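Results of the structural survey
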Amino acid sequence: MSKYIIRKLLMLPVVLLAVSFIIFMILRFIPGDPARLMAGQQATQQDVEMMRTKLGLDENIFIQYADFLQNALQGDLGNSMRSSKPVISEIKSRFPNTMALALSSYTIAVSIGIVSGVLAAVFQYSLFDQAVMFMAILGASTANFWLALIAMNFFSVKLGILPLMGSGSWQHLILPSLSLAFYPTALIARMSRSSMLEIIRQDYIRTAKAKGLGAVIVYCKHALRNACIPIITVVGLHFGVLFGGAVVTETVFNWPGIGRLLIDSVRYRDYPLIQGTVLLTVVMVVLVNFLVDIIIVKIDPRIRLD
Amino acid sequence: MFNLIKKFLPGLFSKQKRSVLIGGLMVLLLFVVAVIAPLIAPYDPFQQDLINSFSPPDAAHFFGTDQFGRDIFSRILYGVRISVLEIFLAVGLSILMGVPLGLVAGFFGGKVDQIIMWFLDIIFSFPGILLAILIVSVLGTSLFNMLIAIAIFSVPVYGRLTRNLTLSLKQQDYVLAARALGASKFRLMFKHILINSLAPLLVQVTLTAGGVILSASSLSFLGLGVQPPTPEWGSMIGSGRSFIGMASHISLFPGLAITYTVLAFNILGDGLRDWLDPKLKNRS
Amino acid sequence: MKKILYLALSLVLICLLSSAVGAESLTIMHSEPPLTMDPSNHSASYTMAVLYPMYETLTDFNQDNEVIPLLATAWEASADGKTWTYQIRQGVKFHDGSKLDALAVKKSFSRILNPDNGLSSRSRFASVIAKIETPAEYTVKFILKKPYPAFQHLTSIHSGSIVSPAAIDKGNDFLARNAVGTGPYKFKEWKSGERVVMVKNENYWGKVPEVDQLVFKWSSEKSVRVMALQSGEADIIFPVPPAYAKIIKNTPGLTLMEEASDKTEWLALNTLNKPLQSIKVRQALNYATDRQAIIQSLLFGKGTIANSPMGPVSFGYDPDCPAYPYDPEKAKELLAEAGYADGFTLEIAVQEAEANIAEALQGMWSEIGVKVVIHKMEYGLWADEVFSAPENNKGYSVIASWAASLLDADGFLTPLFHTDSFVPASANLGFYSNPEVDKLLDQAANTVDQSKRKEFYSKAQRIIQHDAAHVSLYYANSLAGLNNKVANVWLLSDMLVLRHPTIQE
């Protein structure tokens, strides 16, 4: 296990290097010319050429990458082409917001999802079970923005009890995190129910169930341990989704997070900023999945990773 | 408490076979509508009527009209074809790519596992919009290419889920026993491990069905996928986004169509799993 | 009980917070974030609106588009129109304490002209200004390359804002992130993705502003902007999506501000597509377009039919240029005469925001047998496609809009219709070429006499309109939503103008 951990951590810089190269090349390969996009539609060709020189885009691509690498090794990911602010500081100003949103919606999704899913399984085919499953299906099929906009209209405009948008206080966090939590809650509830059912069906639990509710709760602890693997996997995967994929929620609520930063920088092909954001996302995703691996081994000690 | 309530309610969903029947009928309805849409749609889904745009649901237009005065009900009926096709292709593609990768990674472990998982982590962290732009520039903007893009987004999800399940399942007694009896690796992977991973995979599949159409709508601004005026639920929902609070029905009804579809597949999927599950054979 | 107490407490807190901010601060919400804080390195009207309270130009446009003094108190042209002398206002200080004088003005313009700085507005000034002299402490002389009749317009546009000399010394990166001008508001912070905050400049040379603080925010989500105005989180929103105009108008306490805009929406017909080389076919498409229906359904009536290829606010616009009436029969005839009685296929490249126009045209033109294929494209892909030279160009016709920041026909007709402006050089997206038009545009650009220029432009407009280089669609009105307490804010073409807003109780 420790060998696995060390190897994984040692590999991280190598992978980041590879990713930085791949993304660097892909960015320059895809259509969309930052000089044109930044100069604007009314710019003449001359303006565009000047912008290209200024952005350093007329250099040889490998020299550009070498420059990037040299600076990156000293902790400088360059400046955003658009705002001229250092990429690091742009990301730093967004990172806490993204974490706040991700963690709060995550807490909601995991707690509500697991509890309701497990209960639904224990009371399979009950009204509660059907209600939970119907909510889960609604959650998995509702457009995020639709729910968000309706909630904003109700809570902020009609009732006036929650701020409409922006960030700054815990009240600002309520609507975005609830609307962001909707889909993962549904998925986790559904996954917990299904995994729990698998376990419950095993004979010894069924006997327990026949004896009454109390016994089921006693077995719950044991049962859930085995049911945990798919749940934890999905939970881990969703952290990555919440971290980088909250674009719609961030846009609708004007939440200054990483997702919107990325979309805006893709729109203008702000190469350094895209690069920085992707590298950060890779680190986050790798670390979370790494954590999931460790937890799985803790739950089921028979699993071997190395 | 819940048992009590259950007793007094008509047990519509209380038997697995009924789930299969109801789910099956709901899915069948989708296919029937897909085939006979031209016969039952009250209006031409392409016919614009700019003077009567944004009219709310009424007797003439059950679901109201959209921005161009087109009948939303007719467009939803016609939209079944392409929307259901999207679900099948996108989900199918991501399973075909993700599940074998996960199986191999989990089964062989070690270096193979490491390499595959690094690969999946990188894809997973790669911004979807960039991936989509890349696909547009290499492959073009067809509907199938959009489905490839959507499928690739979810390959890591299926991959990691399968791999983590495999890690645990391959240590289970019956797998170890089969292995000791000399079962081939292929047989172990597909017969013993995959079969037992089906339940969680099925949940993932049935719930991501709606996500497919919703991602399709978010990619349409890249020019990927269906182009106007083709009726497709995702783009219908997307086009209503600018009119929420003013004409919310434009995205409400296609949204409900997606909910119906997901519901149908979920009921059918649940029922099928229960029905086919050997552990449940002796259950009433 | 405890819960209720908490709830009450937090409600009181929210009320306190919002009222404290509302009293001396105004929040303005746009649809797009500012691109930069450098006035000379962008051409986006939303960025301009943000910088406008902080930066000032030598001369300015008033509400009626007339040029008035600002940092210059007087100006005059030499008889040949090649030397322009400006008297600079005395006693003006930049926000950082530097003094405004002739040298500061020269330094500010030199920064724009210096090619090493790579500023996007350079070409506009560099094509006109040859040299800048400072004969006295408060006198600046611009020596031009050629007679330029409307030079006072050029010193009125926002890209010619006068920037603090001390700030210029800190470099372009500094100016991209900070604003140091002479305006009534001082830059406080730009939190990327959130807001730009500016506070009143107590040392302003004119009347010190009444409102203590301006906060600019932005949301691309149309309904969110409207909700922000309704909930009081924004005092001014711009633009108002036309779909919501009526709602705002009918809400007590809110005002809908409506102004004609110079912004012209059009479809550039790409002559690389063979059928579009025929004038008759291009005219047919114009006749087959029901502009009134488009305005009614897409703009909810908040616009007017475009009767000319250029905007109605700009100098040189000819209000009598004949618009194409909606006449599908005539369109069919013309198509038949051109040999396309059975129609043809027209491919349109369009960005998401304008895709609805393409879809409406698709519906209309199907009536005359023209099959429209819509290519909805992401911004970067779209720009790559439509700005590609003839040899790589796929021949897509393009839907876009144009507004001339100088409010002059030269900024409209020359980039869009001159043969020298074929993309990628400038924005002649359909490769329209007519030597007669080229000649008229060149003549107009080299003429000082304004009435003569007007005549040239009028002629050019009519020819372009007759040739149907574009399908000119509409002029959408600029719409802003205001809380009734806000005053002294107006719309100039497609920009929200506020420099001295006031709050009335």
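Numbers given to residues run from 1 along each chain, matching the order in which its sequence is written. Here chains are named by letter from A upward and ligands by number from 1 upward, in the order in which they appear as written. Only residues with pLDDT of 70 or above have their local features reported here, since the model is predicted, and side-chain atom pairs are shown and tallied only from 80 upward, although totals for entire chains, interfaces and linings are computed over all residues. Each side-chain value is derived from all of the structure's non-hydrogen atoms; neither hydrogens nor water enter the calculation.

As named in an unreviewed UniProt entry, chain C is Glutathione transport system substrate-binding protein, taken from Halanaerobium salsuginis. Recorded under Sequence similarities (unreviewed entry), the UniProt text for chain C is reproduced unchanged: "Belongs to the bacterial solute-binding protein 5 family." UniProt positions are given in the numbering used here, feature names are shortened, and annotations may be inferred rather than shown by experiment.

As recorded by an unreviewed UniProt entry, chain A carries the name Glutathione transport system permease protein and is attributed to Halanaerobium salsuginis. Comment text from UniProt for chain A, heading Subcellular location (unreviewed entry), reads "Cell membrane". Among the UniProt annotations of chain A, the heading Sequence similarities (unreviewed entry) holds the following wording: "Belongs to the binding-protein-dependent transport system permease family."

1. Things to note about the overall build of chain C
Looking only at helices and strands, one finds 17 helices and 23 strands in chain C. Its C-alpha radius of gyration of 25 Å places chain C within 12% of the 23 Å reference for a compact globule of 505 residues. Dimensions of chain C, computed from C-alpha atoms along their principal axes, come out at roughly 75 × 70 × 40 Å. Here the analysis covers contacts within chain C between residues at least 6 apart in sequence; of these, 68% occur between residues at least 24 apart. By the counting scheme adopted, Arg and Lys are positive, Glu and Asp are negative, and His together with the chain ends is not counted. To locate a charge, the coordinates of NZ of Lys, CZ of Arg, CG of Asp or CD of Glu are taken. On chain C, the mean spot of the 47 positive side-chain charges and the mean spot of the 56 negative ones are 4 Å from each other. Each helix is a run of H or I in the DSSP string that is no shorter than four residues. Each strand is a run of E no shorter than two, and both are numbered from the N terminus. We take the radius of gyration over the C-alpha atoms and set the globule estimate at 2.2 Å times the residue count to the 0.38 power. Only heavy atoms matter for contacts: two residues are in contact if any of them lie within 4.5 Å across the pair.

2. A look at the packing of helix α10 (residues 279–287) of chain C against helix α12 (residues 328–337) of chain C
All names here are of chain C. For the pair α10 and α12, interaxial distance at closest approach is 8 Å and the crossing angle is 165°. Classified by the angle their axes make, α10 and α12 are roughly antiparallel. Crossing hand, α10 versus α12: left-handed. Listed contacts from α12 to K280, V281, Q283, A284 and Y287 of α10 are P328, K330, A331, L334, L335 and E337. Residue composition of the contact of α10 with α12, by class: seven nonpolar, one polar and three charged. Comment: axis = line fitted to C-alpha atoms, over the contacting stretch for helices; angle = value between 0 and 180 degrees taken between N-to-C directions. By definition in this entry, angles of less than 35 degrees are roughly parallel, angles greater than 145 are roughly antiparallel, angles of 65 to 115 are roughly perpendicular, and the rest are oblique. Here is the rule for handedness: rotate from the far helix to the near one, and if that takes an anticlockwise turn smaller than a right angle the crossing is left-handed, while a clockwise turn gives right-handed. We call Asp, Glu, Lys and Arg charged. Ala, Val, Leu, Ile, Met, Phe, Trp, Tyr, Cys and Pro are nonpolar, and the rest, Gly among them, are polar.

3. What about helix α8 (residues 222–231) of chain C?
The buried fraction of α8(C) is high, at seven of 10 residues. Only protein chains enter the accessibility calculation, which uses a 1.4 Å probe. A residue is then buried if its area is under 20% of the maximum for its type, exposed if over 50%, and partly exposed in between. Turning to α8(C), its buried residues number three or more, namely S223(C), V224(C), R225(C), V226(C), M227(C), A228(C) and L229(C).

4. What about the sheet that holds strand β14 (residues 303–305) of chain C?
Residues and elements named next belong to chain C. DSSP calls a pair of strands paired once it identifies at least 2 bridges connecting them. Overall, mixed pairing links the six strands, which are arranged β14-β18-β13-β17-β15-β16 in an open sheet. Unpaired on one side and paired on the other, β14 and β16 (371–377) mark the two borders of the sheet. When strand polarity is set aside, the average angle formed by the axes of neighbouring strands in this sheet is 25°. As paired elements, strand β13 (residues 264–268) and strand β17 (residues 397–402) share five bridges and run antiparallel to each other. Looking at the pairing, A268 lines up with V398 of β17. The sheet strands contacting helix α15 (residues 410–417) are β13, β17 and β18 (470–476), and the helix crosses β17 at an angle near 165°.

5. A word on the interface of chain C and chain B
Often, the extent of an interface is quoted as the loss of accessible area on bringing the components together. The interface of chain C with chain B comprises 24 residues on the first partner and 22 residues on the second. Note on terms: buried area is the combined drop in 1.4 Å-probe accessible area of two parts once they are placed together, counting the loss on both. Both faces considered, chain C and chain B share a buried interface measuring about 2,000 Å² in area, 58% of it formed by carbon and sulfur atoms. By definition here, a salt bridge exists when the distance from a side-chain nitrogen of Lys or Arg to a carboxyl oxygen of Asp or Glu is within 4 Å. Taken together, the links from chain C to chain B amount to two salt bridges. For E359(C), the salt bridge is made with R70(B), and the minimal N-O distance between the two is 2.8 Å. The definition of a polar contact used here is a pair of N or O atoms within 3.5 Å, where within protein one atom must be able to donate a hydrogen and the other to accept one, and adjacent residues in sequence count solely through side-chain atom pairs. In this structure, the connection of chain C to chain B is made through seven residue pairs in polar contact (both at pLDDT 80 or more). Contributing elements (two or more residues each) for the side of chain C that touches chain B: α8, α11 (291–298), α13 (355–365) and β16 of chain C. Taken together, the residues of the side of chain C that touches chain B break down into 12 nonpolar, six polar and six charged.

6. Brief notes about the interface of chain A and chain B
Counting residues at the interface gives 71 residues for chain A, matched by 65 residues for chain B. When the two sides are added together, the surface that chain A and chain B hide from each other amounts to roughly 6,200 Å², 68% of it contributed by carbon and sulfur. D293(A) is paired through a salt bridge with R163(B); the nearest N and O atoms lie 2.6 Å apart. At the boundary of chain A with chain B, the tally comes to six residue pairs in polar contact (both at pLDDT 80 or more). Counting residues per element, the side of chain A that touches chain B draws most heavily on helix α1 (residues 2–29) of chain A, which supplies 11 residues. Looking at the side of chain A that touches chain B residue by residue, the class counts come to 49 nonpolar, 10 polar and 12 charged.

7. Let's talk about the sheet that holds strand β12 (residues 254–259) of chain C
Taken in spatial order, the seven strands of this open sheet run β8-β9-β10-β1-β11-β19-β12 (chain C), and their pairing is mixed. A single partner strand is all that each edge strand has here, and the edge strands are β8 (185–191) and β12 of chain C.

8. Let's talk about the nonpolar core
Here the nonpolar core consists of buried residues drawn from Ala, Val, Leu, Ile, Met, Phe, Trp, Tyr and Cys, with membership extended through side-chain atoms lying within 4.5 Å. Formed by 215 residues in total, the largest nonpolar core has its most connected members in M152(A), W233(B), W382(C) and L413(C). With 15 residues, the single largest contributor to this core is helix α13 (residues 271–299) of chain A. Setting aside its immediate chain neighbours within four residues, W233(B) contacts L30(B), I76(B), G79(B), V80(B), S83(B), I213(B), P254(B), A257(B), I258(B) and T261(B).

9. Describing the pairing of strand β9 (residues 195–200) of chain C
All names here are of chain C. Taken together, the six bridges between β8 and β9 define a ladder with antiparallel strand orientation. Residue pairing across strands places Y185 opposite K200, the latter belonging to β9. Hairpin connection of β8 to β9: three residues between the antiparallel strands, including G193 at a positive phi of 80°. Strand direction decides the pairing type here: β9 and strand β10 (residues 213–218), joined by four bridges, are antiparallel.

10. With respect to the packing of aromatic side chains
Within 6.5 Å between ring centres, the rings of Phe, Tyr and Trp (the latter by its six-membered ring) count as paired, and their orientation is classed by plane angle as stacked under 30 degrees, edge-to-face over 60, tilted in between. Evaluated as defined, the whole model comprises 33 aromatic pairs over all chains. Pairing F31(B) with F88(B) gives two aromatic rings, centres 6.2 Å apart and planes at 45°, and the pair type is tilted. With F31(B) in helix α2 (residues 16–40) and F88(B) in helix α3 (residues 72–108), the pair connects residues that are 57 residues apart, well separated along the chain. Note on F109(C) and F125(C): the rings are 5.8 Å apart at their centroids and 65° apart in plane angle, and the pair reads as edge-to-face. Linking F109(C) in helix α3 (residues 102–113) with F125(C) in helix α4 (residues 122–126), this pair joins segments that are 16 residues apart in sequence. Overall, the relative accessible area of 1% leaves F109(C) in the buried class. Among the aromatic residues, ring-to-ring pairing joins W75(C), W84(C), Y86(C), F109(C), F125(C), F142(C), Y148(C) and F151(C) into one connected group. Working rule: Lys NZ or Arg CZ, within 6 Å of ring centre, within 35 degrees of ring normal, means a charge sits over the ring. The positively charged end of K8(A) is found above the aromatic ring belonging to W118(B), 4.7 Å away from the centroid.

11. A few points about the UniProt feature "transmembrane region" (unreviewed entry) in chain A
As recorded in UniProt, the feature "transmembrane region" (unreviewed entry) lies at residues 9–30, 103–125, 132–157, 231–253 and 273–297 of chain A. A distance of 37 Å separates the end C-alpha atoms of residues 273–297 of chain A, which is 100% helix and 0% strand.

12. Here's the deal with empty space enclosed by the protein
A cavity, in this analysis, means grid points on a 1 Å lattice covering only the protein atoms where a 1.4 Å probe fits yet has no way out; a pocket is instead an open set bounded by protein on both sides within 12 Å along at least five of seven lines, and a residue lines either one if it has an atom within 4 Å of a point. Grid points are joined across faces, edges and corners, and a volume is the space filled by probe spheres set on the points. As enumerated under the stated definition, the model contains seven cavities of 30 Å³ or more in all. Lining the second largest cavity are 18 residues, with R82(A), R94(A), W190(C), S192(C) and G193(C) positioned closest to its centre. Counting residues per element, the lining of the second largest cavity draws most heavily on helix α12 (residues 258–267) of chain A, at four residues. Classifying every residue of the lining of the second largest cavity gives seven nonpolar, five polar and six charged.

13. Focus on the pattern of salt bridges
By the definition in use, this model includes 30 salt bridges over all chains. Between K207(C) and E210(C) there is a salt bridge, with its nearest N and O atoms 3.5 Å apart. Here K207(C) falls in the exposed class, since its relative accessible area comes to 60%. Across the salt bridge formed by K485(C) and D235(C), the nearest N and O atoms sit 3.4 Å from each other. With K485(C) in the loop between β19 (478–483) and β20 (486–487) and D235(C) in the loop between α8 and β11 (236–237), this pair connects stretches of sequence that are 250 residues apart. Here the two residues K485(C) and D235(C) agree in accessibility, since each one is buried. Each member of the salt-bridge network shares a partner with another, and the members are D293(A), D113(B), D121(B), R160(B) and R163(B).

14. Some remarks on the side chain of T264(C)
Residue and element names in this part refer to chain C. In this fold, T264 is placed in strand β13. According to the relative accessible area criterion, T264 is buried, its value standing at 0%. Engagement of the side chain of T264 in a polar contact is seen with the backbone oxygen of D262, the distance being 3.1 Å. Within polar-contact distance, the side chain of T264 engages the backbone nitrogen of G311 at 3.3 Å.

15. A word on the side chain of S154(B)
Within the secondary structure, S154(B) sits in helix α6 (residues 143–169). A polar contact is formed between the side chain of S154(B) and the backbone oxygen of I150(B), at a distance of 3.3 Å.

16. Digging into α1(A)
By this rule the span expected of a helix is its residue count minus one, scaled by 1.5 Å. In this model, α1(A) (28 residues) spans 40 Å end to end at C-alpha, consistent with the 40 Å of a helix rising 1.5 Å per residue. Axes are fitted to the seven residues ending at a residue and to the seven starting at it; the angle between these axes is taken as the bend at that residue. The axis of α1(A) is deflected most strongly, by about 30°, at L12(A), and proline P13(A) appears within four residues downstream. What α1(A) keeps buried is the set Y4(A), K8(A), L12(A), V15(A), V19(A), S20(A), I23(A), F24(A), M25(A), I26(A) and L27(A). Packing partners of the buried residues in α1(A) comprise α4 (61–73) and α13 of chain A together with α4 (110–125), α5 (128–139) and α6 of chain B.

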